[in-house]
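Take a look at the letters that make up each chain.
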Amino acid sequence: MALIVQKFGGTSVGTVDRIENVAERIKKFRDHGDDIVVVVSAMSGETNRLVALAQSIDEKPHAREYDVLLSTGEQVTIALLSMALNKRGVPARSYTGTQVHILTDSAHNKARILDIEERNMRNNLNEGKVIVVAGFQGVDEEGNITTLGRGGSDTTAVALAAALKADECQIYTDVDGVYTTDPRVVPEARRLDKITFEEMLEMASLGSKVLQIRAVEFAGKYNVPLRVLSSFDEPNFDLDDSSKDSSNGTLITYEEDDMEQALISGIAFNRDEAKLTILGVPDKPGVAYSILGPIGDSNVEIDMIIQNIGADGTTDFTFTVHRNDFEDAKQVLTGVANDLGAREVQGDDKIVKISLVGVGMRSHAGIASKMFKTLAEEGININMISTSEIKISVVVDEKYLELGVRTLHSAFGLEQKTV
Ligand code: ADP
Ligand code: ASP
Ligand code: MG
């Protein structure tokens, strides 16, 4: 008998039939003797529909009201799933984020979880009830509804698992685990049995949307065993038994000796990037600050940065931002360019970032040059490069995304198992 937090994403609860299937699956776990806390997303497409509704009123909707609207999607699914469970004789109770009391800060649309009240949940569990919690939402000190950023139901699930000290947090989705890259782009992508927290954190932060980055951070910090599984496979009660094949999903784990000794674990990509360049600024102390300071002050996050020595004691400065922030950042930068007497501001929002991720990179040289050679052979021009101990990222023209990811996947032999 175990306490398991199970999260079902939008596709897994996308129709009434699928909600009934999820209820059947939960019933099987209950019959097996496990205590279950469920977290659900809105039905697939629903959050996008709500976003579009808001934007039809105001392109930049009022942040508090936006959260009131967006949080309604999950309220529908908790009620429907709880009805489906109760109908099957499985006593269940639904809770919104406010009702469980998932306390967050007041950063609307990207709130962080601060605390979770676990007493009511414990009481319900002791009474044999299944608890069904709305993902993606919380409440701040003043009682305002907040949301946790797109994909935030993953974080709700991991945070609940941490608060309840659950034995495992299972993220059920429409793929049966974490793959070497998005299987929608590379059909030959291979499911990983395990991936380290460190690698998963990089994959998530570099654009793999299979898990929200904060969920991985939380799981790493609070030591929550985290697994990604398919909601369409048969329920598997013995996930440690690796003799069964595909339904064990992917375990996110601390680095272990028995991990596959792959150089590269996966390829992540991000289509949400845009690039800005300011040309011909004076090359003197304080210049980076006078460019990036005002960008930061306007609440735009900067990702990659490159500074080149230009002609005549001047320098060129390039950085990337989220595509949604491109116009705002360009406007700020144009003001900065005037102040600094820069020659020109250039912008490009048709770029993408492709990244290789793997802890094996630490001990192996030559991976970057192999990556650059592979891209060169396909005629793909690299605009920017950034590296860390366990990742190499390049920025390329968006038209090369699929070609770049597929060629790198095959050049690094990711479709083949290494052990
Ligand atoms: P959910 O609605 O269940 O939260 P998401 O759409 O957020 O599901 O995440 C699952 C999707 O993530 C998959 O359908 C897949 O296309 C995508 N994805 C991106 N990168 C990966 C990867 N490395 N491994 C598995 N899936 C990935
Ligand atoms: N429904 C929210 C979204 O679509 C949260 C989630 O699904 O995790 O982003
Ligand atoms: Mg998701």
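In what follows, the structure referred to is the one given above.
The rules behind each value
- Residues numbered from 1 in each chain as written.
- Chains lettered and ligands numbered in written order.
- Predicted model: local features only at pLDDT ≥ 70, side-chain atom pairs only at ≥ 80, totals over all residues.
- Heavy atoms only, no water.
- Helix = DSSP H or I, 4+ residues; strand = E, 2+ residues; numbered from the N terminus.
- Rg over C-alpha atoms; globule rule 2.2 N^0.38 Å.
- Buried < 20%, exposed > 50% of the residue type's maximum accessible area, 1.4 Å probe, protein only.
- Contact = heavy atoms within 4.5 Å.
- Areas by Shrake-Rupley, 256 points an atom, 1.4 Å probe, with all protein chains shown as cover.
- Lys, Arg positive; Asp, Glu negative; His and termini not counted.
- Charge placed at Lys NZ, Arg CZ, Asp CG, Glu CD.
- Near = heavy atom within 4 Å.
- Polar contact = N/O pair within 3.5 Å; in protein donor to acceptor, adjacent residues only side chain to side chain.
- Nonpolar A, V, L, I, M, F, W, Y, C, P; charged D, E, K, R; others polar.
- Pairing = 2+ DSSP bridges.
- Axes fitted to C-alpha atoms, helices over the stretch in contact; angles between N-to-C directions.
- Core = buried A, V, L, I, M, F, W, Y, C linked by side-chain atoms within 4.5 Å.
- Left-handed = near helix turned anticlockwise from the far one by under 90°.

Novice: Is there a simple way to explain the overall build of the protein chain in this structure?
Specialist: Along its length, the protein chain carries 13 helices and 20 strands. Taking 419 residues into account, the globule formula puts the C-alpha radius of gyration at 22 Å, and the protein chain, at 23 Å, falls close to it. Expressed as a percentage of the 419 residues in the protein chain, the buried residues total 52%. In the protein chain, once contacts between residues fewer than 6 apart in sequence are set aside, the share between residues at least 24 apart is 75%. As presented, the protein chain carries roughly 19,100 Å² of accessible surface, and 47% of it is formed by carbon and sulfur atoms. Of note, the protein chain has its 43 positive side-chain charges centred 3 Å away from the centre of its 65 negative side-chain charges.

Novice: Looking at this structure, I do not really get the site of ligand 1. What am I missing?
Specialist: Close contacts around ligand 1 come from 17 residues, with Thr 173, Asp 174, Tyr 179, Asp 182 and Arg 184 the closest. Backbone polar atom of Gly 10 to an oxygen atom of ligand 1: 3.2 Å apart, as the coordinates give it. Arg 184 is positioned such that a nitrogen or oxygen atom in its side chain is 2.6 Å from an oxygen atom of ligand 1. Compared with its free state, where it exposes 570 Å², ligand 1 has 84% of that area covered by protein. Classifying every residue of the shell around ligand 1 by side-chain character gives six nonpolar, six polar and five charged.

Novice: Looking at this structure, I do not really get the sheet that holds strand E17 (residues 344–348). What am I missing?
Specialist: The strands making up a sheet are joined through hydrogen bonds of the backbone, oriented either antiparallel or parallel. Spatial ordering of the open sheet is given by E15-E16-E14-E17, a layout of four strands whose pairing is antiparallel. On the outer flanks of this sheet lie strand E15 (302–309) and E17, each paired with one strand and no other. The sheet shows a mean angle of 15 degrees between the axes of neighbouring strands, direction not considered. In terms of strand pairing, strand E14 (residues 273–282) meets strand E16 (residues 314–322) through eight bridges, oriented antiparallel. Bridge assignment links Glu 273 to a residue of E16, and that residue is His 322. This element, helix H10 (residues 287–297), spans E14, E15 and E16 of the sheet and lies at about 25 degrees to E16. Against the sheet, helix H11 (residues 326–340) touches E14, E16 and E17, its axis set at about 0 degrees to E14.

Novice: When you look at the nonpolar core in this model, what are you seeing that I'm missing?
Specialist: Generally speaking, soluble globular proteins have nonpolar side chains that are buried together. With 45 residues, the main nonpolar core has Val 37, Ile 116, Cys 169 and Ile 252 as its most contacted residues. Sort the elements by how many residues they give to this core and helix H7 (residues 153–164) lands first, with eight residues. What Cys 169 contacts, discounting residues up to four positions off in sequence, is Val 5, Ala 157, Val 158, Ala 161, Val 224, Pro 225, Leu 226 and Arg 227.

Novice: Can you help me understand the sheet that holds strand E11 (residues 226–230) in this one?
Specialist: Taken together, the eight strands give an open sheet; going across it, the order is E3-E6-E2-E1-E9-E11-E12-E10, and neighbouring strands pair in mixed fashion. Both edges of this open sheet fall to strand E3 (92–95) and strand E10 (194–196), since each of them pairs with a single strand only. Sheet twist, expressed as the average angle between the axes of neighbouring strands with direction ignored, equals 20 degrees. Sheet analysis places strand E1 (residues 3–8) next to strand E9 (residues 168–173), joined by five bridges and oriented parallel. The residue bridging Phe 8 from the neighbouring strand is Tyr 172, located in E9.

Novice: Sorry if this is basic, but what is going on with the site of ligand 2 here?
Specialist: The environment of ligand 2 is formed by Ser 41, Ala 42, Thr 47, Glu 74, Phe 136, Arg 150, Gly 151, Gly 152 and Ser 153. Between ligand 2 and the protein, one listed contact pairs an oxygen atom with a side-chain N or O atom of Arg 150 at 2.7 Å. Between an oxygen atom of ligand 2 and a main-chain N or O atom of Gly 151, the distance comes to 2.9 Å. Burial of ligand 2 by the surrounding chains reaches 86%, relative to a free accessible area of 260 Å². Residues of the shell around ligand 2, tallied by class, amount to two nonpolar, five polar and two charged.

Novice: Before we go on, may I ask you to explain the pairing of E16 in this structure?
Specialist: Residues in a regular strand project their side chains so that they alternate between the two faces of the sheet. In terms of burial, E16 is a largely internal element, eight of the nine residues being buried. Across six bridges, the pairing between E15 and E16 is antiparallel. Bridge pairing links Ile 309 to Thr 315 in E16. Between E15 and E16, which pair antiparallel and follow one another directly, the connecting turn spans four residues, one of which, Asp 312, has a positive phi of 55 degrees.

Novice: I keep staring at the packing of H10 against H11 and nothing clicks. Help me out?
Specialist: When two helices pack together, their arrangement is given by the angle between their axes and by how far apart the axes lie. Viewed as axis vectors pointing N to C, H10 and H11 meet at an angle of 145 degrees, and their least axial separation amounts to 9 Å. At the point where H10 passes H11, the crossing takes the right-handed sense. For the pair H10 and H11, the contacting residues are Ser 290, Ile 291, Pro 294 and Ile 295 in the first and Ala 329, Val 332, Leu 333, Val 336 and Leu 340 in the second. Of the residues that constitute the contact of H10 with H11, the class distribution is eight nonpolar, one polar and no charged.

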